[in-house]
Structures are given as structure tokens and as C-alpha cells.
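What the coordinates show
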Amino acid sequence: MGFFILAALVLQKFIDQKTAQQLAPVAEAIANLCTLLYYQADTGSVAEDEFQDALARIRQAVASLTTQPSTAKAAKAAFGFLVYKYRNLGL
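Below, the structure is looked at part by part. Note that this is a predicted model, so its numbers are computed, not measured.

1. Concerning helix H3 (residues 48-63)
Its 16 residues place the ends of H3 22 Å apart at the C-alpha level, agreeing with the 22 Å of an ideal helix rising 1.5 Å per residue. Considered for burial, the residues of H3 that qualify are Phe 51, Ala 54, Leu 55, Ile 58, Ala 61 and Val 62. All buried residues of H3 lie within an arc of 120 degrees about the axis, which places them on one face of the element. Across H3 from its buried face, at more than 90 degrees, point the exposed residues Asp 49, Gln 60 and Ala 63.

Written out as C-alpha cells, the structure reads:
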């Protein structure tokens, strides 16, 4: 859900159902990454390769977008923002 909000902010427009359906795989991949981050915060037992796999799944989902160029651009910007925030957390 947070990804759709972020994408809407980047696009500065409402995301219709068709666009949301196209962005859903990206949102799911990001949700999986968030789950890993929460698990890492609680247990400290997430391996780096698990995190890298989650990032790769996000990249793959973003790369496979068939939406309008502006929507794909927003998805890529949202993903870039998430990676930037992760790197700046010093994790």
C-alpha cells in the first residue's frame, strides 16, 4: 500500500484500477522486502543474500512494467527512493 502512495505522490495523480493492477507485482515485491526488514529488526537473522534476492525481485518487477511511461518512471523513482533510504540507514 505504501508503494502506491509513494507512486501517486511521484505521479501527482490518482492511480486507477488498471494502473494499480500493473503496479501490484512491484508493490508485492516491496511488501516482501518490508517483511524481511521487520524480521531483521526483530531477530537479526536475515541473511544478506535474502535481502539481495528481495531487491532483485523488485528490480525484476519494475523492469517488467507495461504501464504508461510516466507510471513506470514513478515506479522506478519509488524503488530508487527505497534503496536510497535503505543505504542511508547504515544497514
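2. Here we look at the environment of Glu 50
For Glu 50, the location among the structural elements is in helix H3. For Glu 50, a relative accessible area of 37% corresponds to the partly exposed category. C-alpha separation for the pair Glu 50 and Leu 33, spaced 17 residues apart in sequence, amounts to 9.2 Å. Excluding residues that lie within four positions of it along the chain, Glu 50 makes contacts with Leu 36 and Ser 45. Of note is the side chain of Glu 50, whose polar atom sits 2.7 Å from the backbone nitrogen of Ala 47.

3. Describing the pattern of salt bridges
Within the structure shown, the criterion is met by one salt bridge. When the shortest N-O distance is used, the salt bridge between Arg 57 and Asp 53 registers 3.0 Å. A residue pair is termed a helical-turn pair when its members lie 3 or 4 positions apart in one helix, as Arg 57 and Asp 53 do in helix H3 at four residues. Under the relative-accessibility criterion, Asp 53 is labelled partly exposed at 36%.

4. So, helix H2 (residues 17-43)
In a regular helix each residue adds 1.5 Å, so 27 residues correspond to 39 Å; H2 covers 37 Å between its end C-alpha atoms and thus fits that length. The principal kink in H2, of about 45 degrees, is found at Leu 23, preceding the proline Pro 25 by one to four residues. For H2, the set of buried residues is Thr 19, Leu 23, Val 26, Ala 27, Ala 29, Ile 30, Leu 33 and Leu 36. Phi turns positive one or two residues past the end of H2, at Gly 44, with a value near 70 degrees.

So, how was this worked out
- Residues numbered from 1 in each chain as written.
- Predicted model: local features only at pLDDT ≥ 70, side-chain atom pairs only at ≥ 80, totals over all residues.
- Heavy atoms only, no water.
- Helix = DSSP H or I, 4+ residues; strand = E, 2+ residues; numbered from the N terminus.
- Expected span 1.5 Å × (residues − 1).
- Buried < 20%, exposed > 50% of the residue type's maximum accessible area, 1.4 Å probe, protein only.
- Arc of directions from axis to C-beta.
- Contact = heavy atoms within 4.5 Å.
- Polar contact = N/O pair within 3.5 Å; in protein donor to acceptor, adjacent residues only side chain to side chain.
- Salt bridge = Lys/Arg side-chain N within 4 Å of Asp/Glu carboxyl O.
- Bend = angle between axes of the 7 residues up to and from the residue.

Limitation: the analysis is restricted to geometry and does not speak to function.
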